[in-house]
Amino acid sequence: MAVTINPRRTPLIAGNWKMNLDHLQAIAFVQKLAWGLKDAGHDFTAVEVAVFPPFTDLRSVQTLVSADKLPLAFGGQDVSAHDSGAYTGEISGAFLSQLECQYVIIGHSERRTLHRETDDDVAAKVTAALKHNLVPIICVGETAEDLEQHGPSAVPVSQLRAALAGVTNAADIVVAYEPVWAIGSGQAATPEQAEQVAAALRSVLEESLGQDVAGKTRILYGGSVKASNIAGFMREPNVDGALVGGASLDIAEFSSIVRYQKHVGV
Ligand code: PGA
């Protein structure tokens, strides 16, 4: 079956490394990933690839990507809501921009649960990212309990509405729908479940930012994405890519996810 690609939205496959790979490992990994994909003839303009290493790796990744002109995007896994000052342990969006980060992940469920980040914190970080010319990848998703109590879309929809509260003009953003029950569990959502929520999220984008921005904004699915299930998600009209955790740490598996079009002969 042919994969539908909305010509207005370049698919994005993003690897969230979480707290894995130090800066030396990151250099070897990024080099192998980029060269492997190039050797395989991957068209980086047709499917964009981004990696999200720990903060301590970013300078090394930037130096490598810039020296070797690698066609890979990269970004941070979080950003401070503040520009600078007495915020021990936080990282300013200004610093990430200086390191040529293009993206930043905001509101990942691990930040929301382990670090008690609220919808207001997420909204403030989204505003900070945009201020520093970073494209926020806004993560939303329901827990298994939410799913039982409120159905599939209610929590992600309300999280996205809250995250966009401070976004006034048409902005470059990415949304990642990541059901908490699917993250790291090996139990991915079905493509139909992902599509149902992605369609609801696109309606929120339309309400908040207008039809044009909604039509251009990429919505990713995340949660136990693997080479064996990616093509199913990418066939859905409102799913424009994936945020990949565990499988992004395996070069062969991640490369195969990036090259999902080959699985279906497009
Ligand atoms: P997973 O993680 O692919 O390991 O389920 C996804 C994520 O947390 O972004």
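Preceding this section is the structure that the text describes.
Caption draft 1: Representation of the pairing of strand β5 (residues 135–140) within the structure. Burial of β5 is extensive: 6 of the 6 residues sit out of reach of the surface. Burial of the side chains of β5 extends over both faces: Val-135, Ile-137 and Cys-139 are buried on one face and Pro-136, Ile-138 and Val-140 on the other. One ladder, built from 4 bridges, connects strand β4 (residues 103–106) with β5; its direction is parallel. Looking at the pairing, Tyr-103 lines up with Val-135 of β5. Strand direction decides the pairing type here: β5 and strand β6 (residues 174–177), joined by 4 bridges, are parallel. Across the sheet, Ile-137 pairs through a bridge with Val-174, a residue of β6.

Caption draft 2: Here's a closer look at unusual backbone geometry. Of note, the phi angle at Arg-116 is positive, near 50°, even though the residue is not glycine. By the secondary structure assignment, Arg-116 is in the loop between α4 (109–114) and α5 (119–131). Here Arg-116 falls in the exposed class, since its relative accessible area comes to 66%. The backbone phi angle of Asn-133 is positive, close to 60°, even though this residue is not glycine. Looking at the element boundaries, Asn-133 is found in the loop between α5 and β5.

Caption draft 3: Highlighting the pattern of salt bridges. One pass over the full model with this rule turns up 13 salt bridges. Where Asp-78 meets Arg-111, a salt bridge forms, and the shortest distance between an N and an O atom there is 3.4 Å. One end of the pair, Asp-78, is in the loop between β3 (73–76) and α3 (93–98); the other, Arg-111, is in helix α4, and 33 residues separate them in sequence. Take Asp-78: its relative accessible area is 11%, and that puts it in the buried class. Given the relative accessible area of 24%, Arg-111 is considered partly exposed. In the salt-bridge network here, residues are joined through shared partners; they are Asp-78, Arg-111, Glu-117 and Lys-125.

Caption draft 4: The sheet that holds strand β1 (residues 12–16), seen in detail. The strand order around the closed barrel formed by 8 strands is β1-β2-β3-β4-β5-β6-β7-β8, and the pairing between neighbours is parallel. When the angles between neighbouring strand axes are averaged without regard to direction, this sheet yields 25°. Sitting on the sheet, helix α7 (residues 154–163) is in contact with β5 and β6, with an inclination near 150° to β5. Relative to β6, helix α8 (residues 191–209) is tilted by about 145°, and along the sheet it contacts β5, β6 and β7 (218–222).

Caption draft 5: A look at the packing of aromatic side chains. For the structure shown, the criterion picks out 4 aromatic pairs. In textbook terms, an aromatic cluster arises when at least three aromatic residues are bridged by ring pairs, as seen for Tyr-177, Tyr-221 and Phe-233.

Caption draft 6: Broad picture of the environment of Val-135. Turning to its location among the elements, Val-135 is positioned in strand β5. As a C-alpha pair, Val-135 and Ile-173 span 38 residues in sequence and 5.3 Å in three-dimensional space.

Caption draft 7: Highlighting the site of the ligand. The environment of the ligand is made up of 13 residues, and the closest members are Lys-18, His-108, Glu-178, Gly-184 and Ser-224. Within the backbone of Gly-184, one N or O atom sits 2.6 Å away from an oxygen atom of the ligand. With respect to the ligand, the backbone of Ser-224 contributes an N or O atom lying 2.7 Å from an oxygen atom. Here the ligand loses 95% of its free accessible area of 280 Å² to cover by the protein chains. Considered class by class, the residues forming the shell around the ligand number 4 nonpolar, 7 polar and 2 charged.

Caption draft 8: Focus on the layout of surface pockets. One number sums up the size of the largest pocket: a volume of about 570 Å³. Around the largest pocket, the lining comprises 25 residues; the ones closest to its centre are Phe-55, Gln-77, Asp-78, Arg-111 and His-115. Residue assignment for the lining of the largest pocket shows that the elements contributing at least two residues are α4 and α5.

Scoring rules and cut-offs
Residues numbered from 1 in each chain as written. Predicted model: local features only at pLDDT ≥ 70, side-chain atom pairs only at ≥ 80, totals over all residues. Heavy atoms only, no water. Buried < 20%, exposed > 50% of the residue type's maximum accessible area, 1.4 Å probe, protein only. Helix = DSSP H or I, 4+ residues; strand = E, 2+ residues; numbered from the N terminus. Pairing = 2+ DSSP bridges. Salt bridge = Lys/Arg side-chain N within 4 Å of Asp/Glu carboxyl O. Axes fitted to C-alpha atoms, helices over the stretch in contact; angles between N-to-C directions. Contact = heavy atoms within 4.5 Å. Phe/Tyr/Trp six-rings, centres within 6.5 Å; stacked < 30°, edge-to-face > 60°. Near = heavy atom within 4 Å. Polar contact = N/O pair within 3.5 Å; in protein donor to acceptor, adjacent residues only side chain to side chain. Areas by Shrake-Rupley, 256 points an atom, 1.4 Å probe, with all protein chains shown as cover. Nonpolar A, V, L, I, M, F, W, Y, C, P; charged D, E, K, R; others polar. 1 Å grid on protein atoms, 1.4 Å probe; cavity = no way out; pocket = protein on both sides within 12 Å on 5 of 7 lines; lining within 4 Å. Points joined across faces, edges and corners; volume = space filled by probe spheres on them.

Shape descriptors only; they carry no functional weight alone.
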